[in-house]
Amino acid sequence: MTSCGPAQGKDSCTPQAINLEFSQKYDLDHSQHYFRKHRASLSRRLSTWRELGIARRALALAGDPCVVLDLPCGAGRFWPMLAEKPDRRILAADGSKEMLQVAERMQPRNLVERVERFQCSAFEIGLGDGSVDNIFCMRLLHHIIEPSHRLAMLREFHRVTRDTVCLSLWVDGNYQAYRRARLEARRSKESPQNRAVVKRQTVESEFVQAGFRVKGYFDFLRFYSMWRIYVLHKE
Ligand SMILES: C[S@@+](CC[C@H](N)C(=O)[O-])C[C@H]1O[C@@H](n2cnc3c(N)ncnc32)[C@H](O)[C@@H]1O
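For the structure given in this document, a descriptive report is provided here. (Residues numbered from 1 in each chain as written. Predicted model: local features only at pLDDT ≥ 70, side-chain atom pairs only at ≥ 80, totals over all residues. Heavy atoms only, no water.)

## Quick word on the overall build of the protein
Phase 1 of the analysis: Looking only at helices and strands, the protein features eight helices and seven strands.
Phase 2 of the analysis: With the principal axes as the frame, the protein shows a C-alpha extent of 55 × 40 × 35 Å.
Phase 3 of the analysis: Counting the 235 residues in the protein, one finds 48% classified as buried.
Phase 4 of the analysis: Restricting the contact set of the protein to residue pairs at least 6 apart, pairs at least 24 apart contribute 76%.
Phase 5 of the analysis: Computed over 38 positive and 27 negative side-chain charges, the separation of the two mean positions in the protein equals 7 Å. (Helix = DSSP H or I, 4+ residues; strand = E, 2+ residues; numbered from the N terminus. Buried < 20%, exposed > 50% of the residue type's maximum accessible area, 1.4 Å probe, protein only. Contact = heavy atoms within 4.5 Å. Lys, Arg positive; Asp, Glu negative; His and termini not counted. Charge placed at Lys NZ, Arg CZ, Asp CG, Glu CD.)

Written out as structure tokens, the structure is:
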């Protein structure tokens, strides 16, 4: 691990190379809604608690990285957990400047001061090669439907991380994925999809193509939930 020293220089972000339709929806209204959604009910709070728990274990498996890029950071849901390691340097980026504004407004002041925030596309991060120990990417990959787009993103992660990536997505081989497949079969082929379950075998071979090895994974609820966090190690 690199030591958690002072901020290294970072380039300004270049224009997004791949512009997905779903990425456009995170305006101020939607961003505020996203922040509230995860706190709205007991079941949401329980699910966040579980998600934080497996994310913490994923980071431990990744070697408790010192320099973490939270991308996309959304409204900063994971910042308190990422900050549990006192000497960790936390960078946080998102494609939506409104999401970053909501995070800045809603997260505790001491965290906002600690986290280095910037806007960028996950396809073109705008940091130098190997500039962070870990990219922490929660709830983005299930929105990336095109395999070529997933590969482009994974290659950009491979360039920017020095060591590991923790990422979550929807995988097959569980009850929720089975139910979703039945729903999709009933849906009109015309209606555009902005979220998808990916076969484990498919995504794991994409990880290898992008230059990663699977170090381990954590399921939200084994055999039931579609959510899985993978820990990838850069080869
Ligand atoms: C479902 S939210 C997840 C946010 C956060 N990781 C969490 O779990 O709370 C998806 C986020 O991805 C961001 N996003 C969408 N497309 C992006 C892109 N191409 N590059 C970077 N961020 C993007 C959105 O602005 C939004 O904040």
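## Comments concerning helix α6 (residues 147–160)
Phase 1 of the analysis: For α6, which comprises 14 residues, the first-to-last C-alpha distance of 20 Å matches the rise-based estimate of 20 Å (1.5 Å per residue) to within 8%.
Phase 2 of the analysis: Taken as a whole, α6 has its buried residues at Arg 150, Leu 151, Met 153, Leu 154, Glu 156, Phe 157, His 158 and Val 160.
Phase 3 of the analysis: On the buried face of α6, the contacting elements are β4 (132–137), β5 (161–170), α8 (200–209), β6 (212–219) and β7 (227–234). (Expected span 1.5 Å × (residues − 1).)

## Looking at the side chain of Arg 77
Phase 1 of the analysis: Tracing the backbone shows Arg 77 in the loop between β1 (67–70) and α3 (79–82).
Phase 2 of the analysis: Reaching out from Arg 77, the side chain makes a polar contact with the side chain of Glu 51 at a distance of 3.1 Å.
Phase 3 of the analysis: The residues contacting Arg 77, other than those within four sequence positions of it, are Tyr 34, His 38, Thr 48, Glu 51, Leu 52, Gln 107 and Arg 139. (Polar contact = N/O pair within 3.5 Å; in protein donor to acceptor, adjacent residues only side chain to side chain.)

## Quick look at the nonpolar core
Nonpolar side chains in soluble globular proteins tend to be buried together.
Phase 1 of the analysis: Counting residues in each nonpolar core, the largest one holds 43 residues, and the members touching the most others are Leu 69, Ile 125, Ile 135, Phe 157 and Leu 167.
Phase 2 of the analysis: For this core, the element with the most residues is α6, which contributes five residues.
Phase 3 of the analysis: Dropping the residues within four chain positions of it, Leu 167 is found in contact with Cys 137, Met 138, Leu 141, Leu 154, Phe 207, Arg 228, Ile 229, Tyr 230 and Leu 232.
Phase 4 of the analysis: Counting residues in each nonpolar core, the second largest holds 30 residues, with Leu 82, Ala 92, Leu 111 and Ala 177 among its members. (Core = buried A, V, L, I, M, F, W, Y, C linked by side-chain atoms within 4.5 Å.)

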